Amino acid sequence: MKLYVIISLWALLTFTHQAPPREKCACELNNSEKAFPHEKLRIVETNVSDCNSNITPRKTVELESLLLGLERRLTQLNKDVQILEKEDDGELYGVLSLYVIENEMTEIKQLIDKLNSTTQQHQILTANATEQLDNLKAEMQELERFDTMQVIKGQQVNSALKADLFKCNKKINTTVTPTEPPQGTCPRSRLLNVTGPRVYTAGEYPGSYAYGAWGRDPRPEEGKESWYWLVMLTSSNIYAHYVRLYSSLSSLIIGVSVPGNIQIHSSNPTTNTIQGPNNVLYGGALYYNCYNQDYVCRFNLTTKSVTTLQLPKGTRYNSKGNFCHLEECYPYTDLDLATDESGVWVVYTTTQDFGNLVLSKLEEGETPVLGKTWRTSIYKRAVTNTFMACGVLYATRYINREVEEIFYSFNTVTGQEKFNIGIFMNKMSTNIQSLNYSPVDQILHAYCDSNMVSYKALFG
């Protein structure tokens, strides 16, 4: 057996050795075209990336926010001067009024200084960007000469066709007049669109506190109509123990807090301090999720007293019923307080409702009372935020890092649910930790990764 194997191998090796060598073929390729300048293309791509990182919508919104703040501040100053001219008694009243006007002028000067600094930076940025764009245009035109197969030209034609198709679809959609009756509990009917951002500011503590909420009191005390409030979760992005007040939008933008903080408790966290970012101010009182409880707390800013309301049995709390999207959940967003034209609402979920959103109206009073309750079919973890407007509950979802969609509504008057609202919001940062509607000026106030952003709500 062994001999047979050896003979077979020897025969195979002999046959291989005797086979004639294969013939080799060589081809020479001559390219008459110029070599493509890959290095120049790499430089162009780098320059484009640098230009995109320097020019962002955020910079434009920041400038617009400062101008809006200055406009409102000057209007208020003009009113104060007119009041002084009419009611000056030449004594104590006049001195106090002048002191108020002096403080306002100081804040206006700070706002103008910041505006001038921002404007100079933008002028330098614009000049540099213009030069870069001219260079990039010339270089791209030169690179297009290497496109012998007309690929770029074809892409340009396709882009133009897509743009024309988009305009055509938009025109068709806007000509359709809704025939359904007005929704909600106010004459503004249904939400049609959200524009903006109108205001974008890092405020007094840029980048310091990722979670929080801000806005205006829909039913302010006399003399506080222009005030803004801010709650920052200063402990572990979960807890807070004070609300910070600003006398105007411009004061909030430049970071001048008057009268400053109103403290709920000296310790943080402790009984009846703030847990979670979804807070609202209404009628001179802050409504929020009480620390470590399934309770709504009401903190009276004047008397500094706290009253509480326990939610129904089975209400999820302590980060067991959060707002979420596919990539993450927002911790301790179990209870979402909201305001609209009719008052204060609370959005939550219970074990009995299998994680679906539950909406309850809070009746006004020094001690909050749970009013009528509605149950929805939308799963809370499929939602990133909710807000109320005109008696209608709206819910948002995460689309990508730049866009959030208002996709769902629940009408408390008709009980009708809609899952195809399709209103898109341009974001200034990845996450929106809290979102609340102000019926005073139809503004949505969003707290986004430590930044304060506002949007204008448009109704039909």
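Residues numbered from 1 in each chain as written. Predicted model: local features only at pLDDT ≥ 70, side-chain atom pairs only at ≥ 80, totals over all residues. Heavy atoms only, no water.

Caption draft 1: Layout of the state of the cysteines. Considering all chains together, one arrives at two disulfides under this definition. Sulfur-sulfur distance for the disulfide between C324 and C329 comes to 1.9 Å. With the S-S bond torsion at 100°, the cross-link from C324 to C329 turns out right-handed. Given the relative accessible area of 2%, C324 is considered buried. (Disulfide = S-S within 2.5 Å. Buried < 20%, exposed > 50% of the residue type's maximum accessible area, 1.4 Å probe, protein only.)

Caption draft 2: Spotlight on the sheet that holds strand 10 (residues 295–300). Across the sheet, which stays open at both edges, the four strands sit in the order 8-9-10-11 with antiparallel pairing between neighbours. Of all strands in the sheet, those with a lone pairing partner are strand 8 (280–282) and strand 11 (306–310), marking the two edges. In this sheet, adjacent strand axes meet at a mean angle of 25° when their direction is disregarded. Where strand 8 meets strand 9 (residues 285–289), three bridges bridge the pair, whose relative direction is antiparallel. The residue bridging L281 from the neighbouring strand is L286, located in strand 9. (Pairing = 2+ DSSP bridges. Helix = DSSP H or I, 4+ residues; strand = E, 2+ residues; numbered from the N terminus. Axes fitted to C-alpha atoms, helices over the stretch in contact; angles between N-to-C directions.)

Caption draft 3: Summary view of the packing of aromatic side chains. If you walk through the whole model with that rule in mind, you get nine aromatic pairs. Between Y239 and Y291, the ring centres sit 5.5 Å apart and the planes meet at 80°, which makes this aromatic pair edge-to-face. Of this pair, Y239 sits in strand 4 (residues 239–240) while Y291 sits in the loop between strand 9 and strand 10, placing them 52 residues apart in sequence. Y239 gets classed as buried once you look at its relative accessible area, which sits at 14%. Judged by its relative accessible area of 25%, Y291 falls in the partly exposed class. Considering the side-chain rings of F387 and Y394, the 5.3 Å spacing of their centres and the 20° angle between planes classify their relative orientation as stacked. For K361, the ring lying beneath its charged end belongs to W345, and the centroid distance is 5.5 Å. It is K380 that lies over the ring of F323; its NZ or CZ is 4.0 Å from the centre. (Phe/Tyr/Trp six-rings, centres within 6.5 Å; stacked < 30°, edge-to-face > 60°. Lys NZ or Arg CZ within 6 Å of the ring centre and 35° of its normal.)

Caption draft 4: The arrangement of the nonpolar core in detail. The biggest cluster of nonpolar side chains holds 34 residues, and the ones touching the most others in it are W229, V231, V243, I274, L286 and L301. Sort the elements by how many residues they give to this core and strand 20 (residues 403–411) lands first, with three residues. When sequence neighbours within four positions are dropped, the list of residues in contact with V243 reads W229, L230, V231, G260, N261, I262, L286 and L301. One finds I432, V453, Y455 and F459 within the second-largest nonpolar core, a separate group that totals 22 residues. (Core = buried A, V, L, I, M, F, W, Y, C linked by side-chain atoms within 4.5 Å. Contact = heavy atoms within 4.5 Å.)

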